[in-house]
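Results of the structural survey
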Amino acid sequence: MTKKSQEALSLSVGQVAKRTGVAVSALHFYEQKGLIRSWRNSGNQRRFKREVLRRISIIKAAQKLGISLEQIKQAFASLPNERTPTKDDWTQLSSYWHQLLDQRISQLTQLRDNVTDCIGCGCLSLKACPLYNEDDKLAELGEGAHLLFE
Ligand code: FES
């Protein structure tokens, strides 16, 4: 494909924003984070391949699932040549994200159960409260700033 025909098929940032419903500032942010790419044409205008529309659709869908931009970036990076995800890729990515959601649901369920134990208590005890300091390994060493004196 010639440079001229590539540009004719490309989209401006305004066109991408309009087609996806994503603000231009958000598109710049996605680009800064390495989720999408553009290039500058001879007039120094930012241009995007049309495939960027699919990438942004996936970003939006994943964000609705609570997937972080970093996790989305890692998922995109796992695709061959960092290509735009195909339908099969989406099946694979969504399957992985399904597992992440299951883990999060499990954590939230445990947190909810701990909240139930704490309702009416309100002590937020450093020693006893599972909400305040759930994984406090240093508590076993007693009081004090143990890491400062290692
Ligand atoms: S608030 Fe008292 S144990 Fe959590």
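Structure's up top.
Residues numbered from 1 in each chain as written. Predicted model: local features only at pLDDT ≥ 70, side-chain atom pairs only at ≥ 80, totals over all residues. Heavy atoms only, no water.

Some words on the overall build of the chain
- When its secondary structure is counted, the chain shows six helices and three strands.
- Per-residue burial over the chain gives 24% buried out of 150 residues.
- In the chain, the proportion of contacts linking residues at least 24 apart, taken out of those at least 6 apart, comes to 50%.
- Of the roughly 10,800 Å² that the chain leaves accessible, carbon and sulfur atoms contribute 53%. (Helix = DSSP H or I, 4+ residues; strand = E, 2+ residues; numbered from the N terminus. Buried < 20%, exposed > 50% of the residue type's maximum accessible area, 1.4 Å probe, protein only. Contact = heavy atoms within 4.5 Å. Areas by Shrake-Rupley, 256 points an atom, 1.4 Å probe, with all protein chains shown as cover.)

A few points about the sheet that holds strand β1 (residues 11–12)
- Spatially, the three strands line up as an open sheet ordered β1-β3-β2, and their pairing is antiparallel. Strands with a single pairing partner mark the edges of an open sheet, and in this sheet they are β1 and β2 (39–40).
- Pairing geometry for β2 and strand β3 (residues 46–48), over two bridges, is antiparallel. Note on β3: the bridge partner recorded for R40 is R46. (Pairing = 2+ DSSP bridges.)

Some details on the packing of helix α4 (residues 52–64) against helix α6 (residues 87–118)
- One can describe the packing of α4 onto α6 by two numbers: an axis separation of 12 Å at closest approach and a directional angle of 20 degrees. When the axis of α4 is compared with that of α6, the two are roughly parallel. For the element pair α4 and α6, the recorded crossing hand is right-handed. When α4 is examined against α6, the residues R54, I58, A61 and A62 are found in contact with a partner set consisting of K87, W90 and W97.
- Across the contact of α4 with α6, the residue classes break down as five nonpolar, no polar and two charged. (Axes fitted to C-alpha atoms, helices over the stretch in contact; angles between N-to-C directions. Parallel < 35°, antiparallel > 145°, perpendicular 65-115°, else oblique. Left-handed = near helix turned anticlockwise from the far one by under 90°. Nonpolar A, V, L, I, M, F, W, Y, C, P; charged D, E, K, R; others polar.)

What to know about the pattern of salt bridges
- Tallied over the full model, the rule gives two salt bridges.
- In this structure, the salt-bridge partner of E31 is R46, at a minimum N-O distance of 3.0 Å. Here the residue E31 occupies a position in helix α3 (residues 24–32), and R46 occupies one in strand β3, the gap between them amounting to 15 residues.
- With a closest N to O distance of 3.1 Å, R112 and D113 form a salt bridge.
- Here R112 falls in the exposed class, since its relative accessible area comes to 51%. (Salt bridge = Lys/Arg side-chain N within 4 Å of Asp/Glu carboxyl O.)

These figures capture arrangement, not role.
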